[in-house]
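Overview (structure and organization)
Take a look at the letters that make up each chain.
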Amino acid sequence: MFQTHKLNHYINASQRKRGAPIIHLIAKVEPERGNYCRASARSGREIDELETVMIGMALRANPNVQNSKKTWFNKNCVVPGIMGAPLAGRPSEAVSTLRHVLDF
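Our subject in this report is the structure included herewith. Keep in mind it's a predicted model, so treat the numbers as computed, not measured.

The rules behind each value
- Residues numbered from 1 in each chain as written.
- Predicted model: local features only at pLDDT ≥ 70, side-chain atom pairs only at ≥ 80, totals over all residues.
- Heavy atoms only, no water.
- Helix = DSSP H or I, 4+ residues; strand = E, 2+ residues; numbered from the N terminus.
- Rg over C-alpha atoms; globule rule 2.2 N^0.38 Å.
- Buried < 20%, exposed > 50% of the residue type's maximum accessible area, 1.4 Å probe, protein only.
- Contact = heavy atoms within 4.5 Å.
- Polar contact = N/O pair within 3.5 Å; in protein donor to acceptor, adjacent residues only side chain to side chain.
- Salt bridge = Lys/Arg side-chain N within 4 Å of Asp/Glu carboxyl O.
- Expected span 1.5 Å × (residues − 1).

Focus: the overall build of the chain
Helix and strand counts for the chain come out as 4 helices and 0 strands. Across the chain, helices and strands are ordered from the amino to the carboxyl terminus as α-α-α-α. Here the C-alpha radius of gyration of the chain, 18 Å, is well above what a compact globule of 104 residues would show, namely 13 Å. Considering only C-alpha atoms, the chain reaches an extent of 50 × 40 × 25 Å along its principal axes. Here the chain holds 104 residues, and the buried ones make up 8% of them. Taking the contacts inside the chain whose residues are at least 6 apart along the sequence as the reference set, 11% of them involve residues at least 24 apart.

This is how it looks when you write it as structure tokens:
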């Protein structure tokens, strides 16, 4: 079911903190019929992109995320007021309008 190295990574990460470990499994569902999707090259790419986005969201909530893959972009890309270090002081008009357009 799970690849051994991924299971070992999960076990090691879960032993570092108190509390119960939790895994969320997210299934891809067909929008019209609601059936689970079969594995395909397209769904593999979509899953890969979703994983990258969710790792970015996790990094935003906790910069000490244990996953070392797919973190480079989120750690190094800077879009003032959106990604990167928080702004000091009042944001510029450009930052404010970008935040508004992105509903951020």
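A closer look at unusual backbone geometry
In this structure, lysine 70 takes a positive phi of about 60° despite not being glycine. Note that lysine 70 resides in the loop between helix H2 (41-61) and helix H3 (72-76). With relative accessibility at 27%, the residue lysine 70 sits in the partly exposed group. Positive phi, normally seen in glycine, also occurs at aspartate 103, with a value near 55°. Here aspartate 103 is to be found in the segment after helix H4 (93-101).

Re the side chain of serine 43
Along the chain, serine 43 falls in helix H2. In terms of polar contacts, serine 43 uses its side chain to reach the backbone amide nitrogen of serine 40, at 2.9 Å. The residues touching serine 43, leaving out its near neighbours within four places in the chain, are Lys28 and Arg38.

Looking at the pattern of salt bridges
All chains considered together, the criterion is met by 5 salt bridges. Glutamate 46 is paired through a salt bridge with lysine 28; the nearest N and O atoms lie 2.1 Å apart. Taken together, the residues glutamate 46 in helix H2 and lysine 28 in the loop between helix H1 (4-14) and H2 connect sequence positions 18 residues apart. Note on glutamate 46: relative accessible area 30%, which makes it partly exposed. A relative accessible area of 33% means that lysine 28 is categorised as partly exposed.

What to know about the side chain of threonine 71
Relative to the helices and strands, threonine 71 is located in the loop between H2 and H3. With sequence-adjacent residues up to four places away left out, threonine 71 is seen in contact with Ile55 and Leu59.

Observations regarding H2
Taking 1.5 Å of rise per residue, 21 residues should cover 30 Å, and H2 covers 31 Å from first to last C-alpha, within 8% of that figure. Those residues of H2 that fall on the buried side of the exposure criterion are Ser43, Ile55, Gly56 and Leu59. Check the buried side of H2 and you find it contacts H3.

Interpretation in functional terms is not warranted from these geometric data alone.
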